[in-house]
Amino acid sequence: MLKKIMVGLDNSQLSLAAMEEAIALAKAYGAELRLVHVLTDYEPGAPQRIAYFDGYHHPAMSQSMLEAYQKGWNKFAEDYRTWLEDKVQTVSLTGLDLSSEIRLGDPSRELCAMAKEWQADLIVMGSHGRSGIMEMLMGSVSNYVMHHSPCSVLISHGNSAKARSNELNAKDLISI
């Protein structure tokens, strides 16, 4: 029996399709739903660290560089909080018991940790379908989560869900 379903979101069409599948499952089982995102410094839009080499050949950041980076990171994190809150507002129209969480770190490990802490019964997430060299170079969050999760994992490839161009609208979510 599914009582707690966690969905990992990364602002991709595949993760939005996974969210639709998680909503449908939560409705069918009367389960709680948690929308989660893990902030990383390598995702699109994240501020880049700018360093220079000091006289000792060590990377260094000046105080102004550090302040600019911190300002950029704060804006980046706030934009994601706003983005996730928008998803929560939209999904809340379905009447589901709903919560959300944002963390900072390695998405693979953080998703597993969040599932364990929240005692999730299922993690739903999208897969970018990387394999071979691309998976080795870039990693695969879904592969790691499948092998290390404390609960069952459903990987959505977006085939069965109604993937949209950019945003889901409330009418679509309520009709699921």
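This text follows the structure it describes.
Asks: Describe the packing of aromatic side chains, with residues and values.
Replies: Going through the model one piece at a time under the given rule, you end up with 4 aromatic pairs. Ring geometry for Trp73 against Phe76: centres 5.2 Å apart, planes inclined by 50°, an arrangement best described as tilted. With Trp73 and Phe76 both in helix H2 (residues 63-92), this residue pair falls 3 residues apart, about one helical turn. Relative accessible area serves as the criterion here: at 6%, Phe76 is assigned to the buried category. Feature note: the residues Tyr69, Trp73, Phe76, Tyr80 and Trp83 constitute an aromatic cluster, connected by ring pairs.

Asks: So what's going on with the pairing of strand E1 (residues 4-8)? Which residues, and what values?
Replies: Within E1, 4 of the 5 residues are buried, which leaves it mostly tucked inside the rest of the structure. Sheet topology note: the E1/strand E2 (residues 32-39) ladder contains 5 bridges and is parallel. By the bridge assignment, Gly8 is partnered in E2 with Val36. Viewed along the sheet, the connection from E1 through helix H1 (residues 13-29) into E2 turns out right-handed.

Asks: I'd like a rundown of the packing of helix H3 (residues 107-118) against helix H5 (residues 141-148), residues and numbers included.
Replies: Relative orientation of the contacting elements H3 and H5 amounts to 35°, with a least axis distance of 8 Å. Here the hand of the crossing between H3 and H5 comes out right-handed. Judged by residue contacts, Pro107, Ser108, Arg109, Leu111 and Cys112 of H3 engage Val141, Tyr144, Val145 and His148 from H5. Grouping the constituent residues of the contact of H3 with H5 by class yields 6 nonpolar, 2 polar and 1 charged.

Asks: Residues and numbers for H1, please.
Replies: For an α-helix, 3.6 residues make a turn, and residues three or four places apart therefore share a direction. Given a rise of 1.5 Å per residue, 17 residues ought to cover 24 Å, and the 24 Å separating the end C-alpha atoms of H1 matches this to within 8%. Positive backbone phi, at 65°, marks Gly30, one or two positions downstream of H1.

Asks: Got a sec to walk through the nonpolar core? Specific residues and values, please.
Replies: In this structure, Ile5, Val7, Met19, Leu33 and Leu35 are the most contacted members of the largest nonpolar core, which totals 27 residues. If you list the elements that add at least two residues to this core, you get E1, H1, E2, H2 and strand E6 (122-126). No other element matches H2, which puts 9 residues into this core. Counting residues in hydrophobic clusters, the runner-up holds 14 residues, among them Met6, Val36, Met114 and Trp118.

Asks: Lay out the pairing of E6 in plain terms, naming residues and giving numbers.
Replies: For E6, a buried count of 5 out of 5 residues is recorded, marking the element as mostly surrounded by other parts of the structure. Both faces of E6 are covered, namely the face carrying Leu122, Val124 and Gly126 and the face carrying Ile123 and Met125. In the sheet, E1 pairs with E6 via 4 bridges, with the strands oriented parallel. Paired with Val7 across the bridge in E6 is Val124. Bridge count between E6 and strand E7 (residues 152-156): 5 bridges; the pairing is parallel. For Ile123, the partnering residue across the bridge sits in E7 and is Val153.

Asks: Lay out H2 with the relevant residues and their values.
Replies: The end-to-end C-alpha separation of H2 is 43 Å, in line with the 44 Å expected for 30 residues at 1.5 Å each. For H2, every residue scored as buried is listed here: Tyr69, Trp73, Phe76, Ala77, Tyr80, Trp83, Leu84, Lys87, Val88, Thr90 and Val91.

Asks: Talk me through the sheet that holds E7; I want residue IDs and the actual numbers.
Replies: Strand pairing in a sheet relies on backbone hydrogen bonds. The paired strands run either parallel or antiparallel. Pairing is parallel in the open sheet, where 5 strands are placed in the order E5-E2-E1-E6-E7. The open sheet terminates on both sides in strands that have one partner only, identified here as strand E5 (98-104) and E7. Within the sheet, the average angular offset between the axes of one strand and its neighbour, ignoring direction, is 20°. Against the sheet, H5 makes contact with E6 and E7, and its axis sits at roughly 165° relative to E6, the strand it touches most.

About the thresholds
- Residues numbered from 1 in each chain as written.
- Predicted model: local features only at pLDDT ≥ 70, side-chain atom pairs only at ≥ 80, totals over all residues.
- Heavy atoms only, no water.
- Phe/Tyr/Trp six-rings, centres within 6.5 Å; stacked < 30°, edge-to-face > 60°.
- Helix = DSSP H or I, 4+ residues; strand = E, 2+ residues; numbered from the N terminus.
- Buried < 20%, exposed > 50% of the residue type's maximum accessible area, 1.4 Å probe, protein only.
- Pairing = 2+ DSSP bridges.
- Right-handed = clockwise from strand over helix to strand, strands pointing away.
- Axes fitted to C-alpha atoms, helices over the stretch in contact; angles between N-to-C directions.
- Left-handed = near helix turned anticlockwise from the far one by under 90°.
- Contact = heavy atoms within 4.5 Å.
- Nonpolar A, V, L, I, M, F, W, Y, C, P; charged D, E, K, R; others polar.
- Expected span 1.5 Å × (residues − 1).
- Core = buried A, V, L, I, M, F, W, Y, C linked by side-chain atoms within 4.5 Å.

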